[in-house]
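Letter by letter, the chains look like this.
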Amino acid sequence: MSNTHFDYIIIGGGTAGCLLANRLSADPSRHVLLIEAGRADDYHWIHIPVGYLYCIGNPRTDWLYTTQPDAGLNGRSLRYPRGKTLGGCSSINGMIYMRGQARDYDGWAQATADSRWRWEHCLADFKAHESHYKLDSTPANTGGGSGPVSPQEPGGWGAFHGRGGEWRVEKQRLRWDILDAFAQAAQQAGIPATDDFNRGNNEGVGYFEVNQKSGLRWNTAKAFLRPTCYGRPNFEMWTSAQVSRLMLETGPDGAQRCTGVQVWNGQEMIQATAEREVILSAGSIGTPQILQLSGIGPPGLLQEHGVPVAADLPGVGANLQDHLQIRAVFKIQGAPTLNTLANSTWGKARIALEYALKRSGPMSMAPSQLGAFTRSSPDQPWPNIEYHVQPLSLDAFGEPLHTFPAFTASVCNLNPTSRGTVQIRSNRFEDAPAISPNYLSTPEDRKVAADSLRVTRRIAAQPALAKYQPQEWKPGVQFDTDEELARLAGDIATTIFHPVGTTRMGADGDAMAVVDSELRVRDGRGGRIGGLRVVDAGVMPSITSGNTNSPTLMIAEKAARWINPR
């Protein structure tokens, strides 16, 4: 930490921060600092795909947040994992590559009055860093990367996917009979088969593609920092360094500017200054916390905790959205599941040996292998629920697997109307904020929860699964009314780890918008705080219709061009 003067300071070495560090430090005339509160990603369980079991709930890699008791969950609190290591959540997440639906981004364009957020413009930013396995042997001029689409394959893989980028996308290295049967049952229930969830309409059933490389997790630290950034003399990185607050200055004209950050390195507080910009990429929980500690947020909350108000922005920490998964468990017969494979020393040894020899099998698997997108009821205008189907079951994440063979069909409402908050509890940066998702707090969300469980039952009743004799173990067939199913959903549902929206972007005149369409932080008086941007999942006005990691990378790709146009 010998140098404390930089052109750009990026707060957070996670999904967005690693890509930004790569793109901004590509200009050798700009000195870039990346600050990460966690340690380096040299923990072995980060890289073995099944290692998420040992990373979530581990202070080595997780912030160990919990939510406030939630009325929609019948008073329960949930573990709320967030990555605390290089790579951030990409080091501990489910590795699923999912963009969402085209209408998500068209909605962002409408919310921001900026057409650059439309799907057709975001698609180029997704492809810019993608390395899709199906294009590995595709010449650059036949649709891979940013090249033109081959006339021989109009609308083919090259039209929607990239080659040669840093972000690796591969097929999974295992299959299960019970998951194949579920996929067939879903088709019998009217859900079409698909081999690509990422063309703008993800309706269908199929195996997820994952961010892995040769059976190992591919996180953003590997993709964007090593070895590229490490070899650049204009790039510097601080790990185990937590930002306590932003440094703000007010000019003679009353305009405010962010000039740097205060950082705790475990021994002392250090100030680092930024000549051009400070970029907050600390995530949907960390970013609003830092803004609030710096006096940017709802005045009442700041005053309650003795923080001087620098900018009256009521939207900071508001608009929290997340995907709540309802975990229906079915006991089965006649098919292997992870419950039975991993319930003996010999079974565990076989699993370990297969991974050691082939980098395949259960140790290579993402938390969810099979996915499906469909409608919770026929009157829904688009696919509004997502399934994560797993050949295993347990009482709760982190608990032991059940001893009986079973599969879990977790279903989530893709477009929840419930909104929550992230709020500081004190003026101390060491204190975790209060996280209140307010799940199932609207009639619409409770209705979708009940309907989605009925869809699960309809799939399980199809002929393709009959030979396995599925029996609903949770929530239980004795519950059938909307009220009963919504209440039971509150008992068995849990987060799928997709918090977004707490620093959302919006058009001028939107009182709750924290950033503008180019992600610059507003000052609460119609202007902008100079030199300050937010680039992470918190800027999403509405949650994407699917997993949120890859959309966050797309946001960072787009923002990098705006921050330092070349």
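Read on for an overview of the structure.

About the thresholds
Residues numbered from 1 in each chain as written. Predicted model: local features only at pLDDT ≥ 70, side-chain atom pairs only at ≥ 80, totals over all residues. Heavy atoms only, no water. Helix = DSSP H or I, 4+ residues; strand = E, 2+ residues; numbered from the N terminus. Buried < 20%, exposed > 50% of the residue type's maximum accessible area, 1.4 Å probe, protein only. Polar contact = N/O pair within 3.5 Å; in protein donor to acceptor, adjacent residues only side chain to side chain. Contact = heavy atoms within 4.5 Å. Disulfide = S-S within 2.5 Å. Pairing = 2+ DSSP bridges. Core = buried A, V, L, I, M, F, W, Y, C linked by side-chain atoms within 4.5 Å.

### Focus on the environment of glycine 509
So, step 1. By the element assignment, glycine 509 lies in the loop between strand E24 (493-495) and strand E25 (520-522).
So, step 2. Looking at glycine 509, the relative accessible area reads 82%, which means it is exposed.
So, step 3. It is 46 Å that separates the C-alpha atoms of glycine 509 and isoleucine 459, two residues lying 50 residues apart in sequence.

### Looking at the side chain of glutamate 277
So, step 1. When you line up the elements, glutamate 277 lands in strand E14 (residues 269-280).
So, step 2. Here the side chain of glutamate 277 touches arginine 533 through a polar contact of 2.8 Å, side chain to side chain.
So, step 3. If we ignore the near neighbours within four places in the chain, the residues touching glutamate 277 are Asp7, Tyr8, Ile9, Gly531, Arg533 and Ile563.

### What about the state of the cysteines?
So, step 1. Under the definition given, this model contains zero disulfides.
So, step 2. Looking at cysteine 55, it has no disulfide partner, and the nearest cysteine sulfur is the one in cysteine 89, 12 Å off.

### What about the pairing of strand E20 (residues 406-413)?
So, step 1. For E20, the buried fraction is high: eight of the eight residues fall into the buried class.
So, step 2. The two faces of E20 match: Ala406, Thr408, Ser410 and Cys412 on one face and Phe407, Ala409, Val411 and Asn413 on the other face are all buried.
So, step 3. Judged from the six bridges that link them, strand E19 (residues 385-390) and E20 form a sheet pairing that is antiparallel. Within E20, the residue paired with tyrosine 387 across the bridge is valine 411.

### A few points about the nonpolar core
What tends to happen in soluble globular proteins is that the nonpolar side chains get buried as a cluster.
So, step 1. Counting residues in hydrophobic clusters, the biggest one holds 78 residues, and the most contacted among them are Ile9, Trp117, Leu246, Val261, Leu519, Leu532 and Val535.
So, step 2. When residues in this core are grouped by element, the largest group, eight residues, is from helix H16 (residues 549-563).
So, step 3. Other than its neighbours up to four places away in sequence, leucine 519 contacts Trp117, Met505, Leu532, Arg533, Val534, Val535, Val539, Ile555, Ala559 and Trp562.
So, step 4. Ranked by size, the runner-up nonpolar core spans 68 residues in total, among them Ile48, Leu78, Ala328 and Phe407.

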